[in-house]
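A structural walkthrough
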Amino acid sequence: MLRPLGLGVALLLLGAATLAAAPAAGDQTLSAIVARLEARALERARALGAYRSLRTYRVANEQRNFHREYPIAMDILWPSGKRYQLPEPPPTGVVFKLAFKRLLDTEVENAGPGIQRASAVTSANYKFSLEGREEVDGEPCWRLGLEPRRESRFLIRGHAWVSCADSEIVKLEGRPTEMPSFWMKDIHLVRTFQKVGGYWLPRADRSVNQVRVFGETRFEIDYLRYEFATEAALPAAAPADDPAGAGPSGPGNAPR
């Protein structure tokens, strides 16, 4: 004859069943972080609308003693795309036409709503893993592992650091899962962000590219200042090598 279970045993079994049915605390935290990240990104895009970014583009290949630098104004026309404006007089030469102008044209082409959705750091494009907490330039962040759901030149395998307070990306690092062209053997990307007007916007891009025939080539973008429809000029971004993220940068203290 079976004896009835004691109350203590029954509670233990009930507790075990409840724990088995409930998601782990870490999973709950991760899903909440990603949900807030996605909601904040949409809020930021709608709040900022159209704005202008003044940038400095650089390329350097030490092996071939090659260095070029170009100031560019990029207009972000959310949600339709981007357009760029060249300085006066406009740059000339083979390098600009074959490399930089093609790069700018590609950025504009890729800024349409379809590719924006396909490249965004969202659960539709990535599987996330929560790897802990770290500080980035003094900002407490969640460190998330990024595993693309498909091979694409628009997606990276790497990490995102998300502000614990603001639910926005403070730093991205990784490698594209697919090279953008035959000439590229490997690309390592790092993008850092800065807080401007209450939102985190790009501060600097750094990439080390292994290019066939030419070897290691470094490509950089410094986002100098932003101009918004609601404010002609916000405080300038910090220089890329200023970890404090404060103070003016760039010629004329201009926007990204």
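Residues numbered from 1 in each chain as written. Predicted model: local features only at pLDDT ≥ 70, side-chain atom pairs only at ≥ 80, totals over all residues. Heavy atoms only, no water.

Another aspect to go through is the nonpolar core. The biggest cluster of nonpolar side chains holds 22 residues, and the ones touching the most others in it are Val 121, Tyr 126, Phe 128, Leu 144, Leu 146, Ile 169 and Leu 172. Listing elements by their share of this core, those giving two or more residues are helix 2 (25-48), strand 4 (126-136), strand 5 (139-148), strand 6 (156-163) and strand 7 (169-176). Excluding residues within four positions of it along the chain, Val 121 makes contact with Leu 37, Tyr 126, Phe 128, Leu 146, Ile 169 and Leu 172. By size, the runner-up hydrophobic cluster in this structure holds 19 residues, among which are Leu 48, Val 196, Ile 221 and Phe 228. (Core = buried A, V, L, I, M, F, W, Y, C linked by side-chain atoms within 4.5 Å. Buried < 20%, exposed > 50% of the residue type's maximum accessible area, 1.4 Å probe, protein only. Helix = DSSP H or I, 4+ residues; strand = E, 2+ residues; numbered from the N terminus. Contact = heavy atoms within 4.5 Å.)

What follows is about the pattern of salt bridges. Side-chain pairing between opposite charges can occur once the charged atoms of the two side chains come close. Summed over the entire model, instances satisfying the criterion amount to 21 salt bridges. Lys 82 is the partner of Glu 107 in a salt bridge, and the nearest nitrogen-oxygen pair spans 3.0 Å. Taken together, the residues span a long stretch of sequence, with Glu 107 in helix 3 (residues 94-109) and Lys 82 in strand 3 (residues 81-85) at a distance of 25 residues. When its relative accessible area of 18% is taken as the criterion, Glu 107 is described as buried. Among the salt bridges present, the one from Arg 206 reaches Asp 222, with a minimum N-O distance of 2.8 Å. Placement of Arg 206 in strand 9 (residues 199-211) and of Asp 222 in strand 10 (residues 215-228) is noted, with a sequence separation of 16 residues between them. (Salt bridge = Lys/Arg side-chain N within 4 Å of Asp/Glu carboxyl O.)

We now examine the environment of Arg 153. With respect to the helices, strands and loops of the structure, Arg 153 is situated in the loop between strand 5 and strand 6. With relative accessibility at 37%, the residue Arg 153 sits in the partly exposed group. Linking Arg 153 and Pro 176, residues 23 residues apart in sequence, is a C-alpha distance of 5.5 Å.

What follows covers the packing of aromatic side chains. Under the defined criterion, the tally for this structure stands at five aromatic pairs. Three or more aromatic residues link up through ring pairs in this structure, and these residues are Tyr 51, Tyr 226 and Phe 228. A cation over an aromatic ring shows up here: Lys 171 above the ring of Trp 161, its NZ or CZ 4.8 Å from the ring centre. (Phe/Tyr/Trp six-rings, centres within 6.5 Å; stacked < 30°, edge-to-face > 60°. Lys NZ or Arg CZ within 6 Å of the ring centre and 35° of its normal.)

A positive phi is found at Asp 137, a non-glycine position, where the angle reads about 50 degrees. Tracing the backbone shows Asp 137 in the loop between strand 4 and strand 5. The backbone phi angle of Ser 167 is positive, close to 60 degrees, even though this residue is not glycine. Secondary-structure assignment places Ser 167 in the loop between strand 6 and strand 7. What makes Ser 167 buried here is its relative accessible area of 10%.

Mapped onto the secondary structure, Val 208 falls in strand 9. A sequence separation of 22 residues divides Val 208 from Asp 186, and the C-alpha atoms of the two residues are 8.1 Å apart. Every residue in contact with Val 208, bar those within four places of it in the chain, is listed here: Asp 186, Ile 187, His 188, Glu 216, Thr 217 and Arg 218.

Just geometry here; none of it tells us what the structure is for.
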